[in-house]
Amino acid sequence: SSSGGRAWDLDATIIRLALPAMCGALIDPLLSLVDSGFVGRLGSEALGALGPACEIFTFCFAMCWALRDATCSLTANFLARDDVENGETAGRDDAARLLRTSVSAGLVMSVAVAALLRRHSGLLLGVMGVDPSSPMMAPASLYLRTRALGHLMDLEATDARDTVDGRALRPR
């Protein structure tokens, strides 16, 4: 039946959108889990240092979700406008402009977050409750500064993926 085919198409669309979003949301926790497995071999002090550092990264990801969500929904809205306006490209042009702006903003935000994490790791860990004289401060600071470099690519990949998701949300 026709309605069964439409339901299947809708289910396939939802799965196509939801699966990458779910995987993207799991990136940071999975990185932290893998890190915990390896760092745990170094001892309890190193593993204890990992906790506050991982929480700082979770907060950094959460800050960037606003850009991700805005890019996804605005891209879908711009592209839907093309569908409504019978082939005019105003929405497509706006979506392309949004993509350039979003990727640029994501890159600036990524560099700023990485620089903040690398330069002020001790201060940030202090805010998380790590005492400067604690034996956990040195390994936590080293972990934070090192993972900050990888954080740049995590954020850019998230921004690019969600721009593509916004294109997929366009009504057909």
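Residues numbered from 1 in each chain as written. Predicted model: local features only at pLDDT ≥ 70, side-chain atom pairs only at ≥ 80, totals over all residues. Heavy atoms only, no water.

Draft legend 1. View of the nonpolar core. One finds Ile56, Leu117, Leu125, Tyr143 and Leu144 to be the most contacted residues of the largest nonpolar core, which totals 18 residues. Of all the secondary structure elements, the ones that give two or more residues to this core are helix H2 (44–84), helix H3 (90–119) and helix H5 (137–168). When residues of this core are assigned to their parent elements, the largest contribution, 8 residues, is made by H2. Apart from residues lying up to four places away in sequence, Ile56 is in contact with Leu117, Leu124, Leu125, Met128 and Leu144. (Core = buried A, V, L, I, M, F, W, Y, C linked by side-chain atoms within 4.5 Å. Buried < 20%, exposed > 50% of the residue type's maximum accessible area, 1.4 Å probe, protein only. Helix = DSSP H or I, 4+ residues; strand = E, 2+ residues; numbered from the N terminus. Contact = heavy atoms within 4.5 Å.)

Draft legend 2. Region of the structure containing the pattern of salt bridges. Across all of its chains, the model carries 2 salt bridges by this definition. The partner of Arg147 in a salt bridge is Asp35, and the shortest N-O contact between them spans 3.9 Å. A residue pair is termed long-range when its members are at least 10 positions apart, and Arg147 in helix H5 and Asp35 in helix H1 (residues 2–39) qualify at 112 residues. Using a relative accessible area of 10% as the deciding quantity, one classes Arg147 as buried. Taking relative accessible area as the criterion, Asp35 reaches 19% and is therefore assigned buried. Measuring nitrogen to oxygen at the nearest pair gives 2.3 Å for the salt bridge that ties Arg97 to Asp94. (Salt bridge = Lys/Arg side-chain N within 4 Å of Asp/Glu carboxyl O.)

Draft legend 3. Examining H3 more closely. Compared with the 44 Å implied by 1.5 Å per residue over 30 residues, the 43 Å span of H3 between its first and last C-alpha is a close match. Looking only at H3, the buried set comprises Gly91, Asp94, Ala95, Leu98, Ser102, Gly106, Ser110, Val113, Ala114 and Leu117. (Expected span 1.5 Å × (residues − 1).)

Draft legend 4. Inspection of the environment of Met137 at higher detail. Within the secondary structure layout, Met137 lies in helix H5. Remark: the alpha-carbon pair of Met137 and Ala53, spanning 84 residues in sequence, is separated by 9.9 Å. When sequence neighbours within four positions are dropped, the list of residues in contact with Met137 reads Gly122, Leu125, Gly126, Val130, Asp131 and Pro132.

Draft legend 5. Examining a nonpolar patch on the surface more closely. On the surface, a nonpolar cluster with roughly 320 Å² of combined accessible area is contributed by Ile15, Leu19 and Met22. Mapped onto the elements of the fold, Met22 is located in helix H1. (Patch = residues over 30% accessible without salt bridge, like charges linked within 9 Å, V, L, I, M, F, W, Y side chains within 5 Å. Areas by Shrake-Rupley, 256 points an atom, 1.4 Å probe, with all protein chains shown as cover.)

Draft legend 6. Spatial organisation of the packing of aromatic side chains. Under the counting rule described, the total for this entry stands at 1 aromatic pair. Ring centres 6.2 Å apart and planes at 85° place the aromatic pair Phe57 and Tyr143 in the edge-to-face group. Separated by 86 residues along the polypeptide, Phe57 in helix H2 and Tyr143 in helix H5 bring together distant segments of the chain. For the pair formed by Phe57 and Tyr143, the shared burial category is buried. It is Arg147 that lies over the ring of Phe57; its NZ or CZ is 4.4 Å from the centre. (Phe/Tyr/Trp six-rings, centres within 6.5 Å; stacked < 30°, edge-to-face > 60°. Lys NZ or Arg CZ within 6 Å of the ring centre and 35° of its normal.)

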